[in-house]
Each structure stands twice: as C-alpha cells, then as structure tokens.
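Read off the chains here:
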Amino acid sequence: MIDYVSDLEQSAVVFDLYGTLVDPIGIAAEVDRTLPGGRGSELATLWRTKQLEYSFRLTVMRAYRDFRWVTDKALRFAAASTGVELSEETARHLVECYDRLPAFADSGPALAAIRADGHRPAVFSNGSPDMVERVLAHSGLGAHIERRISVDEIEEFKPAPATYQHAARALDMGIGQVTLVSCNAFDVVGANAAGMRTVWVNRAGTTYDTIGGQPDAVVTSLAELPDVLRAYGTGGAIAQ
Ligand code: LAC
C-alpha cells in the first residue's frame, strides 16, 4: 500500500517547458503571417533545432548567453538558410512571439489534475526567467505552477548535469526524489544520467534516443500523467 501523502512530501515533479507544456512550432502560423513565402513550418522547425544546438554548443564552449539571445541568433540562422530576409523589427517581433507560444491542449488539464492530487508542479527550463514568466502568464499555465526554475541561475543549459542538480537543490530535494516530465528526449536522457526519475512524453510517436538510460515511464499524452504518478510507489520504479 502506497502512503501517497508522505510520498508527495518526499518528491517533486518538474516540467520541461518548450516542447512539453508549450509548443515552439506553434509559432509557424505567426511566421507565415509575418514573412512571405509560406515556409513558416519549415522555418519554425529549423529555428527550434538551431536554438537547441546553439544552447548545447554554448554550454560545451563555456560561453553561456541567455535563451532569448540564443533564440534570436537561431531565428537569424533559420531565416538566412531558408532564404528569408528579416528586418530588425520582424526579428524582434518573432522573438517576442516566444512569450506567447500556445500551450498544448493536454498541458492545463494535466497540471490541474496532478495539483488536485496534491502535487506542487514546478517548471524547470532552459528559458531565461523573463521568458518563462511571460509564456506561463500568457498561456494561463502559470496558475498551476508553484516554482519556476531557470538554468540561467547557473548559466549552463540542459543537459549539463549541473542544471539538474541545481533544480533539485532549488526544490530542496535529493536528485532521486525529483521526477522530470519532458517531451525532449535529450532532456530525459540528461535528467536520468544525473539521477532524476523521468517521464518521457512522446506525443509525436518519435524514436527515443539511442544513448543514455531509458525513462521510468513513457506516455503519449500528458493526460496519462496523473495515473502514472498515482501508481508511483515510495522509492520504487514508476509503474508503466
Ligand atoms: C526547456 C527546453 C529544453 O524548456 O525545451 O528547457
């Protein structure tokens, strides 16, 4: 029999933000409204890929810049490589759109359900604190989120081990008491390697990484998360 209340006190659930709670590719429609050529989806995908690549590289280079800077530089790369001319004003506008990314339809209901179960969900993101705050406020998800933890506080990006250690410290938990919920396989692999429990949200039916440990649980929608967490025994593996 699981003592769910004491289990809750000794554990924390943290959510990745971009790609997990809010959709970076949701910006494609705004790209199409703003730029000619109808290549919003291609540009948005390249923008996101380059944004992550730059964040990884800056961490390896020990040359941290915050996520808004990275997002701006990645946009400029994506535009140049898709042959789209970008004025300063348009670049600024599109980077600001990152503060208004749409929530995935399952995000709000899942956060509300796990809060009703007694969890106090946190967000743990590569986003700089102002980006995290704004997108949570705009999407309405902020009402469900107790803590916002940004890698900016230690100036390294996920999946550096120090970022996961920082999140656990910020929550006053041991790393093994924290469960990361993320759509981003690189994030799940990083958290797992650092000692967190992990839930991989595979909405798109993609292939899991071939490096690193397996997630403790895999869901295809955040709607499955409350049941997964309810089945989560004290100290045991997450039920699949
Ligand atoms: C984040 C990126 C990794 O929110 O999606 O941390």
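Residues numbered from 1 in each chain as written. Predicted model: local features only at pLDDT ≥ 70, side-chain atom pairs only at ≥ 80, totals over all residues. Heavy atoms only, no water.

Describing the overall build of the protein chain
(1) Moving on: A tally of regular secondary structure across the protein chain gives ten helices and six strands.
(2) Moving on: The globule rule puts the C-alpha radius of gyration for 240 residues at 18 Å, and the 18 Å found for the protein chain is close to it.
(3) Moving on: Burial statistics for the protein chain: of 240 residues in total, 52% are counted as buried.
(4) Moving on: At a minimum sequence separation of 6, the contacts of the protein chain that also span at least 24 residues come to 62%.
(5) Moving on: Working note: accessible area of the protein chain is about 10,700 Å², and carbon and sulfur atoms make up 53% of it.
(6) Moving on: Distance from the positive charge centre (22 side chains) to the negative charge centre (31 side chains) of the protein chain: 4 Å. (Helix = DSSP H or I, 4+ residues; strand = E, 2+ residues; numbered from the N terminus. Rg over C-alpha atoms; globule rule 2.2 N^0.38 Å. Buried < 20%, exposed > 50% of the residue type's maximum accessible area, 1.4 Å probe, protein only. Contact = heavy atoms within 4.5 Å. Areas by Shrake-Rupley, 256 points an atom, 1.4 Å probe, with all protein chains shown as cover. Lys, Arg positive; Asp, Glu negative; His and termini not counted. Charge placed at Lys NZ, Arg CZ, Asp CG, Glu CD.)

A closer look at the site of the ligand
(1) Moving on: As a structural note, the neighbourhood of the ligand is formed by Asp16, Leu17, Tyr18, Arg48, Ser125, Asn126, Lys158, Asn184 and Phe186.
(2) Moving on: Residue arginine 48 places a side-chain N or O atom 3.1 Å away from an oxygen atom belonging to the ligand.
(3) Moving on: Within the side chain of lysine 158, an N or O atom sits 3.1 Å from an oxygen atom of the ligand.
(4) Moving on: Contact with the protein chains removes 100% of the 210 Å² of surface that the ligand exposes when unbound.
(5) Moving on: Taken together, the residues that form the shell around the ligand break down as three nonpolar, three polar and three charged. (Near = heavy atom within 4 Å. Polar contact = N/O pair within 3.5 Å; in protein donor to acceptor, adjacent residues only side chain to side chain. Nonpolar A, V, L, I, M, F, W, Y, C, P; charged D, E, K, R; others polar.)

Quick look at the packing of helix H4 (residues 67-81) against helix H5 (residues 88-97)
(1) Moving on: Running from N to C, H4 and H5 point in directions that differ by 125 degrees, and their axes come no closer than 10 Å. Taken together, the axis directions place H4 and H5 in an arrangement best described as oblique. Note on packing geometry: the crossing formed by H4 with H5 is right-handed. Each of Arg68, Thr71, Asp72, Leu75 and Arg76 in H4 lies in contact with H5, whose residues at this interface are Glu88, Ala91, Leu94 and Val95. (Axes fitted to C-alpha atoms, helices over the stretch in contact; angles between N-to-C directions. Parallel < 35°, antiparallel > 145°, perpendicular 65-115°, else oblique. Left-handed = near helix turned anticlockwise from the far one by under 90°.)

Topic: the nonpolar core
(1) Moving on: Counting residues in each nonpolar core, the largest one holds 67 residues, and the members touching the most others are Phe15, Leu17, Tyr18, Leu21, Leu43 and Trp47.
(2) Moving on: Broken down by element, the residue count for this core peaks at six residues, all from H4.
(3) Moving on: Leaving out residues up to four positions away in the same chain, phenylalanine 15 has contacts with Leu21, Leu111, Ile114, Pro121, Ala122, Val123, Phe124, Val181, Leu222 and Leu225. (Core = buried A, V, L, I, M, F, W, Y, C linked by side-chain atoms within 4.5 Å.)

A few points about unusual backbone geometry
(1) Moving on: Here lysine 158 and proline 159 are connected by a cis peptide whose omega angle stands at 10 degrees.
(2) Moving on: A positive phi angle is found at arginine 62, which is not glycine, with a value near 55 degrees.
(3) Moving on: Along the chain, arginine 62 falls in the loop between helix H3 (40-60) and H4.
(4) Moving on: With relative accessibility at 72%, the residue arginine 62 sits in the exposed group.
(5) Moving on: Of note, glutamate 155 is a non-glycine position whose phi angle comes to about 60 degrees, a positive value.
(6) Moving on: Relative to the helices and strands, glutamate 155 is located in the loop between strand E3 (147-150) and helix H8 (161-170).

Re the packing of aromatic side chains
(1) Moving on: For the structure on display, the rule yields eight aromatic pairs.
(2) Moving on: Geometrically, the ring pair formed by tyrosine 18 and phenylalanine 67 is tilted, given 5.6 Å between the ring centres and 35 degrees between the ring planes. Residue tyrosine 18 is found in the loop between strand E1 (12-15) and helix H2 (28-34), and its partner phenylalanine 67 is found in helix H4; the two are separated by 49 residues along the sequence.
(3) Moving on: A connected cluster of aromatic rings, assembled from ring pairs, spans Tyr18, Trp47, Tyr64, Phe67, Tyr98 and Phe157.
(4) Moving on: Residue placement shows lysine 158 over the ring face of phenylalanine 124; its charged tip is 4.6 Å from the ring centre. (Phe/Tyr/Trp six-rings, centres within 6.5 Å; stacked < 30°, edge-to-face > 60°. Lys NZ or Arg CZ within 6 Å of the ring centre and 35° of its normal.)

Some remarks on the side chain of serine 11
(1) Moving on: For serine 11, the location among the structural elements is in the loop between helix H1 (4-9) and E1.
(2) Moving on: The residues contacting serine 11, other than those within four sequence positions of it, are Met173 and Gln177.

Examining the pairing of E3
(1) Moving on: One ladder, built from four bridges, connects strand E2 (residues 122-125) with E3; its direction is parallel. Each bridged residue has a counterpart across the sheet, and for alanine 122 the counterpart in E3 is arginine 147.
(2) Moving on: Following the backbone out of E2, through helix H7 (residues 129-139) and into the adjacent parallel E3, one traces a crossover that is right-handed. (Pairing = 2+ DSSP bridges. Right-handed = clockwise from strand over helix to strand, strands pointing away.)

Considerations on the sheet that holds E3
In a beta sheet, neighbouring strands are held together by backbone hydrogen bonds and run either parallel or antiparallel to one another.
(1) Moving on: Reading across the sheet, the six strands line up as E3-E2-E1-E4-E5-E6 and stay open at both edges, with parallel pairing between neighbours. The open sheet has two edge strands, E3 and strand E6 (217-219), and neither has a second partner. Each adjacent strand pair in this sheet contributes to an overall mean axis angle of 25 degrees, direction not counted.
(2) Moving on: The pairing of strand E5 (residues 197-201) with E6 spans three bridges and is classified as parallel. Each bridged residue has a counterpart across the sheet, and for valine 199 the counterpart in E6 is alanine 217.
(3) Moving on: Running at roughly 150 degrees to E3, H8 makes contact with E2, E3 and strand E4 (178-182) of the sheet.

Such coordinate-based values are descriptive only and should not be taken to indicate function.
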